[in-house]
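Remarks on the overall topology
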Amino acid sequence: MTDVHTRGLLGWLATLFMLCGTLAMPVEVDPECSGGTSAKYSLVFTGMWSQTAFPKQYPMYRPPAQWSHLIGVTHSSDYYIWQRNEFASNGVREFSEKGEAWTLMKEVQAAGERIQSVYGVFSAPAVIGGTGQTSSEFEVFTRHSLLSFIIRIVPSPDWFVGVDSLNLCEAGHWKENVSLDLFPYDAGTDSGFTFSSPNFETIPQEKVTEITSSFPSHPANSFYYPRLKHLPPIARVTLTKVKSNHIFSLPLEPTQSNQIPTGNEIGDSLINTPLDCEVSAWSPWGLCWGKCGEPGVRRRTRYIHLHPANNGADCPPLEEDKTCDPDNCV
């Protein structure tokens, strides 16, 4: 069992249960959706973080690529868990950096009690691997028709995927099905460039930004693929309206039965993202060697940072010579 599955799971699930009981008390009913004042949905999260789609620095151990538990909220328009181009809360900081949900749960509870903007809270089990699935169920209400959730990328400095304020009521009707591709975000609280970077607090804190194939524009970044116009989706969420009455239950510990092993089960995991060879800068030119009266040769070298993968560009020459006048002829 990896570390993201053992961080006080039973404790914060108990808090989650209490939150669901105290927050799921809608205020005034504003019948905007003709399909009813409330609707129930199933949520399926599919991790698509495979080594072929994301070959650069793909985490293989300590810990290997995986996903944290999912934290979801149904709410009104005057609340959000996280927003692009806004500062992350302390709860989002702790969750995106460490996978700890206590502070985030307290923030959700406070919003529900103070302005009654939160209708319900739910969770889904962690995914043991970069590719796999986890699922949960939730309910929305006409005054609280927005869905937001967050799930941490493990390992990473402060990276996550999620949805911000998705409105499930459109043109007076509850949506039947929704499928969204998900891409990585940086919480703006840790300045690490790679999946396994040590903790390096961002001072001052920056805003939440989407990570792309060219941003941050640093060759060391684990998602830096300058040949790509866009990153392939790292995950996908599918929402389906549940037509029959259903009794919700707390999510269980992840087991192999709800995991999808790496391979052909997820077609998108077969995306082959080309990874070009990356080499160091040239070393200084060495001494000029040769016989007296004849042209000499001096040499410089460089080394490989990253080997190519998935038909990426081959490595350039690692040694280069040029003629010179010998410094110490023999």
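Residues numbered from 1 in each chain as written. Predicted model: local features only at pLDDT ≥ 70, side-chain atom pairs only at ≥ 80, totals over all residues. Heavy atoms only, no water.

Our working definition: UniProt positions are given in the numbering used here, feature names are shortened, and annotations may be inferred rather than shown by experiment.
The chain appears in an unreviewed UniProt entry as Spondin-2 from Anguilla anguilla. Quoted verbatim from the Subcellular location (unreviewed entry) field of UniProt, the annotation for the chain is "Secreted, Extracellular space, Extracellular matrix".

Concerning the state of the cysteines
The condition is simple: Note that a disulfide, as used here, is simply two cysteine sulfur atoms within 2.5 Å. Counting from the N terminus, the helices are the DSSP runs of H or I reaching at least four residues and the strands are the DSSP runs of E reaching at least two. Only protein chains enter the accessibility calculation, which uses a 1.4 Å probe; a residue whose area is less than 20% of its type maximum is buried, one above 50% is exposed, and one in between is partly exposed.
Inspection of the entire model under this criterion finds 2 disulfides. Note that Cys277 is cross-linked by a disulfide to Cys315, the S-S spacing being 2.0 Å. Looking down the S-S bond of the Cys277 and Cys315 bridge, the torsion is 95 degrees, so its handedness is right-handed. Of this pair, Cys277 sits in the loop between strand 12 (235-242) and strand 13 (278-279) while Cys315 is found in the loop between strand 15 (304-306) and strand 16 (319-324), placing the two residues 38 residues apart along the sequence. With a sulfur-sulfur separation of 1.8 Å, Cys288 is cross-linked through a disulfide to Cys324. Of note, the bridge from Cys288 to Cys324 carries an S-S torsion of about 100 degrees and is right-handed in sense. Of the two residues, Cys288 sits in the loop between strand 13 and strand 14 (296-301) while Cys324 sits in strand 16, which places them 36 residues apart along the sequence. By the burial criterion, Cys288 is buried, and Cys324 matches it.

Re the sheet that holds strand 5 (residues 146-154)
We count it as follows: Here, any two strands with at least 2 DSSP bridges between them count as paired. Contacts are residue-level and defined by heavy atoms, with any inter-residue pair within 4.5 Å sufficient. Axis angles are defined between N-to-C directions and span 0 to 180 degrees, where every axis is a line fitted to C-alpha atoms and, for a helix, only to the segment in contact.
The 6 strands lie next to each other as 3-2-5-6-10-11, forming an open sheet whose pairing is antiparallel. Where the open sheet ends on each side, the last strands, each with one partner, are strand 3 (118-124) and strand 11 (209-210). Pairing between strand 6 (residues 159-167) and strand 10 (residues 185-186): 2 bridges, direction antiparallel. Note that in strand 10 the partner of Trp159 across the bridge is Asp186. Packed onto the sheet, helix 2 (residues 90-98) meets strand 2 (66-75), strand 5 and strand 6 and runs at close to 40 degrees relative to strand 5.

Some details on the nonpolar core
The condition that has to hold: Side-chain atoms within 4.5 Å are what join buried Ala, Val, Leu, Ile, Met, Phe, Trp, Tyr and Cys residues into a set we call a nonpolar core.
Among the nonpolar cores identified, the biggest contains 41 residues, and Leu43, Phe45, Trp67, Leu168 and Leu239 are the most heavily contacted of them. Contributions of two or more residues to this core are made by strand 1 (38-48), strand 2, strand 3, strand 4 (131-141), strand 5, strand 6, strand 9 (177-182) and strand 12. Sequence-distant contacts of Phe45, that is, excluding residues within four places in its chain, are made with Trp67, Leu70, Val127, Gly132, Gln133, Thr134, Ile151, Val161, Leu182, Ala235 and Arg236. Judged by nonpolar contacts, the second largest core, of 20 residues, contains Phe95, Ala101, Met105 and Ala111.

What to know about the side chain of Ser156
This is how the line gets drawn: N or O atoms closer than or at 3.5 Å make up a polar contact, with two conditions inside protein: a donor-capable atom paired with an acceptor-capable one, and, for residues adjacent in sequence, both atoms drawn from side chains.
Among the structural elements, Ser156 can be located in the loop between strand 5 and strand 6. Residue Ser156 is classed as buried on the basis of its relative accessible area of 6%. A polar atom in the side chain of Ser156 sits 3.2 Å from the backbone nitrogen of Trp159. Those residues in contact with Ser156 that lie beyond four places of it in its chain are Ser96, Glu97 and Phe195.

Quick look at the sheet that holds strand 9
Judged by pairing direction, the sheet is antiparallel, and its 4 strands sit side by side in the order 4-1-12-9 without closing on themselves. Taken across any chain shown, the strands that pair with only one partner, and hence form the sheet edges, are strand 4 and strand 9. For this sheet the average axis-to-axis angle between neighbouring strands, irrespective of direction, equals 15 degrees.

Focus: the pattern of salt bridges
Put simply, the test is: In what follows, salt bridge is the name for a side-chain nitrogen of Lys or Arg lying within 4 Å of a carboxyl oxygen of Asp or Glu.
By the definition in use, this model includes 9 salt bridges. Close ionic contact of Glu210 with Arg84 constitutes a salt bridge, the shortest N to O distance being 3.3 Å. Of this pair, Glu210 sits in strand 11 while Arg84 sits in the loop between strand 2 and helix 2, and the two are 126 residues apart along the sequence. With its nearest N and O atoms 2.6 Å apart, the salt bridge here joins Glu320 to Arg300. Taken as a pair, Glu320 in strand 16 and Arg300 in strand 14 lie far apart in primary sequence, 20 residues in all. Within the structure, one salt-bridge network assembled from shared partners comprises Arg93, Glu97 and Glu201.

Some points on the pairing of strand 6
Pairing of strand 5 with strand 6, which is carried by 6 bridges, proceeds in the antiparallel orientation. In the strand pairing of strand 6, Ile150 is matched with Gly162. Counting the residues between successive antiparallel strands, the hairpin from strand 5 to strand 6 contains 4 residues.

Looking at the side chain of Ser76
Take Ser76: it is sitting in the loop between strand 2 and helix 2. Only 2.4 Å separates the side chain of Ser76 from the side chain of Asp78, close enough to count as a polar contact. The contacts of Ser76, once residues within four sequence positions are left out, are Ser117, Arg143, His144 and Leu146.

Topic: unusual backbone geometry
Here the amide bond leading from Arg62 into Pro63 is cis, since omega sits at -15 degrees, within 30 degrees of zero. Note that Pro63 resides in the loop between strand 1 and strand 2. The omega torsion across Phe215 and Pro216 is 0 degrees, close enough to zero to call that bond cis. Among the structural elements, Pro216 can be located in the loop between strand 11 and strand 12. One non-glycine residue, Arg62, lies in positive phi territory at about 55 degrees. Inspection of the secondary structure puts Arg62 in the loop between strand 1 and strand 2. Positive phi, normally seen in glycine, also occurs at Asn85, with a value near 65 degrees. Take Asn85: it is sitting in the loop between strand 2 and helix 2. Judged by its relative accessible area of 44%, Asn85 is partly exposed.

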